[in-house]
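Chain by chain, the residues:
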Amino acid sequence: MAEYSRLVATRKACRICVERSPGKIRSCAEFEFDPDVVSHWEPWLGHKRPQLLAVGQDFGDVGYFVRNRGRDDPNNKTNYNLRKLLREAGFDVTSPAEPDGIAPVFLTNSILCVKEGPMDGAIRSSWVDACADKHLRPLIHYLRPPIVVGMGSCGWRAVRRVFALEDAPERISRAAGSCWTSADRIRVFAVGHPGPQGLTNRPWPQQLADWRRIGEAVSAARPSGRHLL
């Protein structure tokens, strides 16, 4: 676990975006209740040898983080939708209010700090790029997942950057529903964001179909080809 502890310490010590964008974004480590995790999404799904790593946008704004004391709101609509999508891919996961130590899934965000202002406030591409280089790349090296999913514009930007998928479309609107194989044989998928706003850009039936295709790839990557459901 020494390598994982280093990832946590690096996340807590990082101030790259805070210093570049004062008053716009804050490090979660500023708060005494900041948990000892790499991703604040992983207390729900944080398997250390996952068959699938999913990368979302961010953990919300400062108000959300403080209100829930570093945890997720159990009624978060994004998590509610994501649970349904993961089932389409063959992962029978617990509700977001119940930590799942069994399902081989790890959830992280393309931005590990929390932004000031409203939940739907603007995300700077420089934040995504810095976090991808400093945190997502070493996390993927540690987890070594066979499948990585970039969800929404920010999640896809981060994943595309880490794997240097220069031939893949930059815009999630063009990339969603497609997959690529990285130089180290990791299958990389682009999908719409499962939150309410993401569903306006990538309708629910398409998202269900996207995750079924991911499930086929997950099953093929398992030695036994066995489905989890």
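The following refers to the structure shown. (Residues numbered from 1 in each chain as written. Predicted model: local features only at pLDDT ≥ 70, side-chain atom pairs only at ≥ 80, totals over all residues. Heavy atoms only, no water.)

**Quick notes on the overall build of the protein**
Of regular secondary structure, the protein possesses nine helices and seven strands. In terms of overall size, the protein behaves like a compact globule, its C-alpha atoms giving a radius of gyration of 16 Å where 229 residues would be expected to give roughly 17 Å. In terms of principal-axis extent, the alpha carbons of the protein reach across some 45 × 35 × 35 Å. Counting across all 229 residues of the protein, residues that qualify as buried make up 54%. Long-range contacts, defined as pairs at least 24 residues apart, comprise 71% of the intrachain contacts of the protein with a sequence gap of at least 6. As presented, the protein carries roughly 10800 Å² of accessible surface, and 49% of it is formed by carbon and sulfur atoms. Across the protein, the 33 positively charged side chains and the 25 negatively charged ones have centroids separated by 3 Å. (Helix = DSSP H or I, 4+ residues; strand = E, 2+ residues; numbered from the N terminus. Rg over C-alpha atoms; globule rule 2.2 N^0.38 Å. Buried < 20%, exposed > 50% of the residue type's maximum accessible area, 1.4 Å probe, protein only. Contact = heavy atoms within 4.5 Å. Areas by Shrake-Rupley, 256 points an atom, 1.4 Å probe, with all protein chains shown as cover. Lys, Arg positive; Asp, Glu negative; His and termini not counted. Charge placed at Lys NZ, Arg CZ, Asp CG, Glu CD.)

**Notes on the nonpolar core**
Membership of the largest hydrophobic core comes to 39 residues, with the highest contact counts inside it found for Leu53, Trp156 and Phe163. Listed by contribution, the elements that provide at least two residues to this core are α1 (2-13), α2 (16-20), β2 (52-56), α5 (125-143), α6 (152-162), α7 (172-175) and β7 (187-191). Per-element accounting of this core gives the leading share, ten residues, to α5. Trp44, Leu86, Phe91 and Val93 belong to the second largest nonpolar core, which has 24 residues in total. (Core = buried A, V, L, I, M, F, W, Y, C linked by side-chain atoms within 4.5 Å.)

**Side note on the pairing of β7**
Counting buried positions over the five residues of β7 gives four, a clear majority of the element. Looking at chain direction, strand β5 (residues 147-151) and β7 are connected through five bridges and run parallel. Pairing of Ile147 across the sheet is with Arg187, part of β7. Note that strand β6 (residues 179-181) and β7 share three bridges and pair antiparallel. The residue bridging Cys179 from the neighbouring strand is Phe189, located in β7. (Pairing = 2+ DSSP bridges.)

These values are about where atoms sit, not about what they do.
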